[in-house]
Structure formats: structure tokens, C-alpha cells
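The lines below spell out each chain.
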Amino acid sequence: MAVALIWGCATAGNAQPSDAAPGGFERAAEQAAAEFGVPKEVLLGVSYESSWWEANDGRPSTKGGYGPMHLTDTTSGGMYDHRPGEGPVDATGTDDPSEHTLQAAAAMIGVASSTLKRDELQNLRGGAALLASYQRQVTSEMSPDPGSWYGAVARYSQAADTADAERFADGVFAVIRSGKQKVRKDGQRISLTKSPSARPARSQLASLGLRTSAAAAVPECPAELKCRFVPAAASNYQVSTRDSNGMDVDFIVIHDLEGSYDGGISWFQDPVSGVSAHYVMKADGSAATQMVATKDIAFHAGNYWMNLHGIGIEMEGYAAQGPTWFTPAQYKATAALVAYLARRFDVPLDRRHIIGHDNVLPPRPARAPDAHWDPGPYWDWERFMALLDADQRQEREAEGGEQGRNVGVGQAVMIAPTFGKNAQTVTVCSATCRSWTQPSNLLYVHTEPRADAPLVSDLALRPDGSAGSDRIDDWGSTVVWGQEFVVADVRADWTAIWFGGQKGWIHNPAGVNTRPAPNARIVRPASGAKVSVYTTAYPRTDEYPRGLPASAQTRFDMYGFPPGQSYVATRTPLGADDFFPATPTRPEVVVTGGQRYDVIQYNRRLATVNTAETG
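Residues numbered from 1 in each chain as written. Predicted model: local features only at pLDDT ≥ 70, side-chain atom pairs only at ≥ 80, totals over all residues. Heavy atoms only, no water.

**A look at the overall build of the protein chain**
So, point 1. Regarding its fold elements, the protein chain presents 14 helices and 26 strands.
So, point 2. Residues counted as buried form 60% of the 615 residues belonging to the protein chain.
So, point 3. Restricting the contact set of the protein chain to residue pairs at least 6 apart, pairs at least 24 apart contribute 70%.
So, point 4. About 22600 Å² of surface is accessible on the protein chain, with carbon and sulfur atoms providing 50% of the total. (Helix = DSSP H or I, 4+ residues; strand = E, 2+ residues; numbered from the N terminus. Buried < 20%, exposed > 50% of the residue type's maximum accessible area, 1.4 Å probe, protein only. Contact = heavy atoms within 4.5 Å. Areas by Shrake-Rupley, 256 points an atom, 1.4 Å probe, with all protein chains shown as cover.)

Written as C-alpha cells, this is what we have:
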């Protein structure tokens, strides 16, 4: 399923407004504004831009913001599992003041910070007090004119540079000028009367002393694609300077929304969702919307390290709807965008680097059962990759990489069933379960070379070792077109591959479902010891500067990579690295480590292994 529609459904707790009656939120905002001398329009505008006037049941946003005023406390986010995109709540939590406005606001109003997380009135009071303190820093005048609060609003964004602070403030004043109405999740109807006469004092922005960075040229799209830029909510991505800061873009990740084009755009604009993608593609190929600049880090893949090195593209569609949804126009438009991005960032046009969300494992084993499987079995990878670059086909033909050829043990093959001829049965379960058979991009992986043999078990999904199934979301016993594996054995019409630490068998009569991959780079254990399997490539703890907490490099202990097995890796190893976004008091930080990691095709998903353990 698409990342947005899965992670966005999580809630916890039963926080209620201090006054839960209809209109209670507005009255609380009016009281808070009056108490601290903040124009009500400004307080409501900031709250809308920060949280869409929602409390979110006391849970933090991906940036560690709480309540309708998005007061931040990143150090407390670690207790929440299944963070969307492994965002900064889990990954940072530094001592920077911009990440702890909740504590600052609590001190200003004399209320415990824990109260501000769940009590809307106190959260609004804290936000109003914080805004008032910023206004006194910018200008000593506590004016009733909303426009004179532009600098304070920009400062409230906690942005590190002028462009991002301006974007936030402009969003607030667009709400103030045009007005807004909304029915909250608890049924309250909130109205902000439009104030078209509000004139923001933009000159105040210069007094904040923020850094100036070059704005990305947006929208960043090929000329043939009708493209616009609509920014995602600021809390749903991280501002960065890829790839000039040394963090390369190595992967382009294809998703589907499990919903509509407009719905996906709206979801990524919602601060509640905690997720975003760089691009959203319309089903008929007629339009695309960029929502995050390519230099920035969108939260789309469910694995923060992959987000650091990836660009996410969400397609309008449903993974279980079959091939009728993904139109030829959508294939062409998406291929044009991917080819454009690959040229810009020097990303190889192969399936080691052009991947699906279903090729990304979460950073921790406990989250593997929640791993997404879009774009699903009905995205025709063969057609899509053929659209990307004719040189790819010419290279394959020059290598002799055609279907129908058998290869020997120890050689690499690419999974390559012809989509129209590869009818596979899948079961889709919602309220009820139903099965159908139709063309697909996948092959099932069996424990023995026969059709009635059990499917292999993925121990991250099935700790008891039970056999896999044909359920569409049971990704642990399937391979998909374009993936590459090393041949472990051949028996009659069956080919064994090293797959997820075991020998798995695919039906492959006369090599019809594979083609040789002679240029694949194969890695093996360097010694007699088992190789550790990860899904991230973070530096060692002692390689992080003081004050910047280390991200966990978690081993998937249930997975094996013992001597005798081998896997296909990307062309070159990648360095260990991590990222901390800039704040008003700290520039962005890229932490690098001395280790290097191979990204290998381990099972349906990619994994990382330390090159010190492989050869």
C-alpha cells in the first residue's frame, strides 16, 4: 500500500479539547490571543499552517511538533513506533532550541510541558506566548495589525534560512487574507474570517538574521511534462542541499497512492500525515505535481537512510486493481520524469537503482510486517524500463542477455518474465478474500523444484517459519521483474537462486523467465563467518559529533548470509552517512563514517552489508 495511506491512519490516545463543545477551539484561541496580545487572525493562521487546527491525539508530527501550535520536542519521539518515513523524531532529537519550543513555551506560561502536548488550550496559550516573544524581538510594538507580525510568524517556523521562513509566513498570510473554514475530526467547525486588507511587513524578514540559500528551480520537470509545484507541509519533509552537500541521490523509488491524484496531494499537504513524496503523477499522464524540491528529503520510503538517498514518485492508482489502472500515458509521463532525474543525478537506469517501494525494507525488523508492496504486481516493469532508455536495450542485446537461455550455477540472472504471458494467481483480502489470475510482474519462490512445494518463508514476516502465501501483501516469497540473483542450482524446468538466506526455486523452463546478467557485481562472504544483514548504512556511534545522537544500525538477525551464498550488489559500494537538518543556530550536518556498504538484492527487498565482511 502507499506510504501515505498506511502511516497516516495511525493514532494513539484520546486527547480532547479543553472545551470540546462546537466552537470550543475558536474560543480557546481567542482567549489565548487576547491574553498575550496576539491578533486572533495571526494565531489561527499560524495554527492552520502548522497543524490544520488539529491536536492529533497528543502524538508528535514527524518533526516532533505537538498540538495545534506544533510546539516541538524531538527528544520524546522515540517512544512512538512506526514513524512515517523514519523522520527526524526518531533520527535526531538534538539540543537545538528549535527542536524544543514546547519546553520554552511551557516555561513562559508556567505549565508542565507534558500538559501542552495534550491540552489544546494550554498548547494555544504556549504558542501565543512564543509568538509574542518573537514579536518583541522583531519589534517592540504589540500591534493589533496582523501584517506587522510577519517577522514573528517567520521566526515561529524555526526555519534555518530565509526562503523557508518566508514560505511559511507567506502560507500563514495567505490563510489570513483569504480566510478559511474547516470541520475538525472531532466535529468542531472553525472559521477564520478573511482579512484581504492585511499587508505583511516583509521587510521584517531581513531582521531575523537567517541564512540565505539558493532556491531550487521549481518545478523540476522535463519540458514535455505538464508540471506544477505545490509544496508539501513543512513538517512532512526535511530541507537539505542534496547533492552538493555530499549526499548523493542513488535511488528513484516508484510508489502508488492507493488513492486519487488530488487526494494524494492533499494528504502530503496535511501536517498530520507526516509523509510526502517529491512528485505525484496523474493517472492519465496529463499532469504532475512536484511537492518537495529534489535537494530536500521527502519522507516516502519508510526507511530514513533510503530517503536520504532517494527521490520518491507517487502514482495515482491502486496496486491491487490490475493493469487497467496504469495507463500507457502514465507509463510514458513517469518514464520521462525518471529519465530526466536520472540524467540530473547520474542514477543508473537499471532495477538496482530504479526501484519500487516494494524493494525497500524498513530499518528495523519489527516493522517488516508493515512494509509496503506498491506499486504491486500489475506495474509492468518491463514496459517501463524499455521506455526509459533505448541504450539499455542495446546494451542487453550486446551482452547476449536474451530470454530463453539457461545459465550455470554461480552466475547472475535477471528475473524477466514477459508480462502479458506471465499469468499469476494472487489473493486480495479486505472484508473478504478473493483470488484471481492475470498477467503480472512477479514469480513465486518455492522451497523445492515443484509447483506444489510450499513457498519460502520470510522470517521477518513469519518468525515461526511458516510457508508464504499468494496474498498480494505477502511479499516474502516473490521476486519481481528486473531483480537480479545468483543461480544456486538448476533442475529440469526449475532454477534455484540464493534468496533471503536460503535456496529458493522459480519455475523457469528453458530460461523463459530469466535472462543472463553477465555484468552483475556479485558479493560473497569474505571469510568463514556469516555476513550481517542491515537495511541502512549509518556511521558508527563514535563517529557522530558531540551533541548529535547516532542513528541505530540495526541488524536483521533472523536473516542469513552464510558462506556458500552470494548476492548481486549495486555497481559501487556506498559510504556510511547520516543527516541533521539546519536550524536557526546550527548549519545542516552530514555525518560520514569510515565503513562502506554494498546494497544487495537480498530477497524481494534490498539490504545492506558491510564491505569489510564481503569480497
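**Digging into the layout of surface pockets**
So, point 1. If you add up the space inside the largest pocket, you get close to 1200 Å³.
So, point 2. What lines the largest pocket is a set of 46 residues, among which Lys63, Ser157, Asp164, Ala234 and Val239 lie closest to the centre.
So, point 3. Residue assignment for the lining of the largest pocket shows that the elements contributing at least two residues are helix H3 (40-51), helix H9 (162-178) and strand E6 (237-238).
So, point 4. Among the elements that make up the lining of the largest pocket, the one with the highest residue count is H9 (four residues).
So, point 5. Looking at the lining of the largest pocket, its residues break down into 19 nonpolar, 18 polar and nine charged. (1 Å grid on protein atoms, 1.4 Å probe; cavity = no way out; pocket = protein on both sides within 12 Å on 5 of 7 lines; lining within 4 Å. Points joined across faces, edges and corners; volume = space filled by probe spheres on them. Nonpolar A, V, L, I, M, F, W, Y, C, P; charged D, E, K, R; others polar.)

**A look at the pattern of salt bridges**
So, point 1. Enumeration over the complete set of coordinates arrives at 24 salt bridges.
So, point 2. Its salt-bridge partner being lysine 40, residue glutamate 26 comes within 3.7 Å of it at the nearest N-O pair. Here glutamate 26, found in helix H2 (residues 24-36), pairs with lysine 40, found in helix H3; they are 14 residues apart in sequence, far enough to count as distant.
So, point 3. Look at lysine 40 and you get partly exposed, because its relative accessible area is 28%.
So, point 4. Residue arginine 521 pairs with aspartate 598 through a salt bridge whose shortest N-O separation is 2.3 Å. Pair noted here: arginine 521 is in strand E22 (residues 521-523) and aspartate 598 is in strand E25 (residues 589-601), with a separation of 77 residues, a long-range link.
So, point 5. Here the residues in one salt-bridge network are Glu26, Glu30 and Lys40, joined through shared partners. (Salt bridge = Lys/Arg side-chain N within 4 Å of Asp/Glu carboxyl O.)

**Focus: the state of the cysteines**
So, point 1. Enumeration over the complete set of coordinates arrives at two disulfides.
So, point 2. The disulfide partner of cysteine 221 is cysteine 227, and the gap between their sulfur atoms is 2.1 Å. Comparing cysteine 221 with cysteine 227, the two get one shared label, buried.
So, point 3. The side chain of cysteine 429 participates in a disulfide bridge whose partner is cysteine 433; the two sulfur atoms lie 1.9 Å from each other. Sign of the S-S torsion, about 115° for the bond between cysteine 429 and cysteine 433, identifies this disulfide as right-handed.
So, point 4. The exposure class of cysteine 429 is partly exposed, given its relative accessible area of 24%.
So, point 5. Ordering the disulfide-forming cysteines of the protein chain by sequence position, one finds them joined as 1-2, 3-4. (Disulfide = S-S within 2.5 Å.)

**Some words on the sheet that holds strand E7 (residues 251-256)**
To summarise the sheet geometry, strands pair through backbone hydrogen bonds and adopt either a parallel or an antiparallel arrangement.
So, point 1. The mixed open sheet is built from six strands, whose spatial order is E5-E9-E8-E11-E7-E12. The open sheet has two edge strands with one neighbour each: strand E5 (227-229) and strand E12 (354-356). Taken pair by pair, the neighbouring strands of this sheet meet at an average axis angle of 25°, ignoring direction.
So, point 2. Alignment of E5 against strand E9 (residues 288-290), held across three bridges, turns out to be parallel. Within E9, the position partnered with arginine 228 by the bridge is threonine 289.
So, point 3. On top of the sheet, helix H10 (residues 261-269) reaches E5, strand E8 (279-281), E9 and strand E11 (310-315); it is set at about 165° to E8, its chief contact. (Pairing = 2+ DSSP bridges. Axes fitted to C-alpha atoms, helices over the stretch in contact; angles between N-to-C directions.)

These results come straight from atomic positions and should not be treated as a statement about function.
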